[in-house]
Amino acid sequence: MLDNLHALILGDVYGQPGFRAVFIGLKNLIKEKKADLVIVNGENAADGFGLTPEIAGQILSAGAHVITSGNHIWHQREILPQLEDSRVPVIRPANYPPGTPGKGYTVVTVKGKRVGVLNLQGRSGMSSIDCPFRTAGSLLKKMKSEADFVVVDFHAESPEEKEALGIYLDGKVSLLVGTHTHIQTADERILPGGTGYITDIGMCGPELSVIGSDPAISIRRFLTQMPLKIEVSDNPSVLSGVLVKIEMSSGKTVSIERFRKKSLV
Ligand SMILES: [Fe+2]
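Residues numbered from 1 in each chain as written. Predicted model: local features only at pLDDT ≥ 70, side-chain atom pairs only at ≥ 80, totals over all residues.

*Asks:* Hey, could you run me through the overall build of the protein in this one?
*Replies:* The helix and strand tally for the protein stands at six helices and 13 strands. Its C-alpha atoms give the protein principal-axis dimensions of about 55 × 40 × 35 Å. Residues counted as buried form 47% of the 265 residues belonging to the protein. Sequence separation of 24 or more characterises 66% of the internal contacts of the protein that already satisfy a separation of 6 or more. (Helix = DSSP H or I, 4+ residues; strand = E, 2+ residues; numbered from the N terminus. Buried ≥ 20, exposed ≤ 12 C-beta atoms within 10 Å, placed from the backbone. Contact = placed C-beta atoms within 7 Å.)

Rendered as structure tokens:
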């Protein structure tokens, strides 16, 4: 029987409710999915905006190997030393311009394989940072000697940009998952070159919410067009993500299955 690496990827952890659900539920989820590698996007874990060293430490202690992020990672400045430290597996999108603090990828060894985790961010409807396509191209060349497989978290708004990057990297990476919109898409598939793909894996955060935030405030923002402060919805969470089986010998994805599981907290 061919040996596979089971990669569990969880979507954006949103606020205290999302963090609670991940902290309490991750160990069981790892057991249930027989996960070897766990990647969690933590960019909204601190009250919806950014990530603190304490929260990062707790997500890692709950079983995550790597924490990825995105555009909100800059909200909590205390995380910067961790982003800068090559020994701490907390990363930010690699295509921020040169001089931006932090690292855009990390490598972890799982089942004897060196797995590179690369974080990129889209530009459609987001900040005009460096090109994610060209950054991926040059970093993948660099990562060739450092990693046996590469898994990409593409934090982006536009499904068009996400599909384009997925197909651009098909056959060059084991897997590309989209994050950021907090809404899980039903288009998970294996691309012709063996790259697992999904436009968005969804969030780990309060189910009764507007992409994680308090619905009453969100609705008032739409009705009045006032810039009201967003607050995290205090409701039980869902844990959303994918379980991906990657063939150890080839690094190709052999199955990708999405899940959206209600948490009791
Ligand atoms: Fe985001």
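From this point, the discussion proceeds with the structure in view.
*Asks:* What is the right way to look at helix 6 (residues 215-224) in this model?
*Replies:* An α-helical turn contains 3.6 residues, so any two residues separated by three or four positions project in the same direction. Among the ten residues that make up helix 6, zero are buried, leaving the element largely open to the surroundings. Glutamine 225 sits one or two residues past helix 6 and shows a positive phi near 65 degrees.

*Asks:* How should I be thinking about unusual backbone geometry in this particular structure?
*Replies:* Note: most peptide bonds trans; most residues except glycine with negative phi. With phi around 50 degrees, lysine 34 is a residue other than glycine that occupies positive phi space. By secondary structure assignment, the location of lysine 34 is in the loop between helix 1 (15-33) and strand 3 (37-41). Backbone geometry places histidine 182, a non-glycine residue, at a positive phi of 75 degrees. Following the sequence through the fold, histidine 182 ends up in the loop between strand 8 (175-179) and strand 9 (189-190).

*Asks:* Help me understand the nonpolar core in this model?
*Replies:* For soluble globular proteins, nonpolar side chains are generally found buried alongside one another. One finds Ala7, Val22, Ile39, Val151 and Val152 to be the most contacted residues of the largest nonpolar core, which totals 64 residues. When neighbours within four sequence positions are excluded, valine 151 is seen to be in contact with Ala7, Ile39, Val115, Val117, Val173, Ser174 and Leu175. (Core = buried A, V, L, I, M, F, W, Y, C linked by C-beta atoms within 7 Å.)

*Asks:* Is there a simple way to think about the sheet that holds strand 6 (residues 113-121) in this case?
*Replies:* Strands belonging to one sheet form pairs held by backbone hydrogen bonds; the direction of such a pair is parallel or antiparallel. Strand order in the open sheet made by the six strands is 5-6-7-8-10-9, with mixed pairing throughout. Edge positions in the open sheet fall to strand 5 (105-110) and strand 9, since each of these has one partner strand only. Where strand 9 lies against strand 10 (residues 196-198), two bridges are found, and the strand directions are antiparallel. Looking at the pairing, isoleucine 190 lines up with glycine 196 of strand 10. On top of the sheet, helix 4 (residues 132-143) reaches strand 5, strand 6 and strand 7 (149-155); it is set at about 160 degrees to strand 6, its chief contact. (Pairing = 2+ DSSP bridges. Axes fitted to C-alpha atoms, helices over the stretch in contact; angles between N-to-C directions.)

*Asks:* I keep staring at helix 1 and nothing clicks. Help me out?
*Replies:* For helix 1, the principal kink sits at glycine 25 and spans about 50 degrees. When we look at burial in helix 1, the residues that qualify are Gly15, Pro17, Gly18, Phe19, Ala21, Val22, Gly25, Leu26 and Leu29. Against strand 1 (4-10), strand 2 (12-13), strand 3, helix 2 (53-61), strand 11 (203-206) and strand 12 (237-247) lie the buried residues of helix 1. The positive-phi residue at the C-terminal boundary of helix 1 is lysine 34, with phi of around 50 degrees. (Bend = angle between axes of the 7 residues up to and from the residue.)

*Asks:* I keep staring at the pairing of strand 6 and nothing clicks. Help me out?
*Replies:* On a regular strand, each side chain points to the face opposite its neighbour's, so the side chains alternate between the two faces of the sheet. When you tally the buried positions in strand 6, you get seven out of nine residues, the bulk of the element. Bridging between strand 5 and strand 6 involves six bridges; their strand directions are antiparallel. Bridging from a neighbouring strand, threonine 106 pairs with valine 117 of strand 6. Where strand 5 hands over to strand 6, the hairpin turn is made up of two residues, of which lysine 111 adopts a positive phi near 50 degrees. The pairing of strand 6 with strand 7 spans seven bridges and is classified as parallel. In the sheet register, leucine 118 faces strand 7, and the bridge partner there is valine 152. Handedness of the crossover joining strand 6 and strand 7 through helix 4 is recorded here as right-handed. (Right-handed = clockwise from strand over helix to strand, strands pointing away.)

*Asks:* Teacher, can you tell me more about the environment of valine 177 here?
*Replies:* Among the structural elements, valine 177 can be located in strand 8. Excluding anything up to four places from it in sequence, valine 177 contacts Ile9, Asp153, Ile198, Ile201 and Val242.

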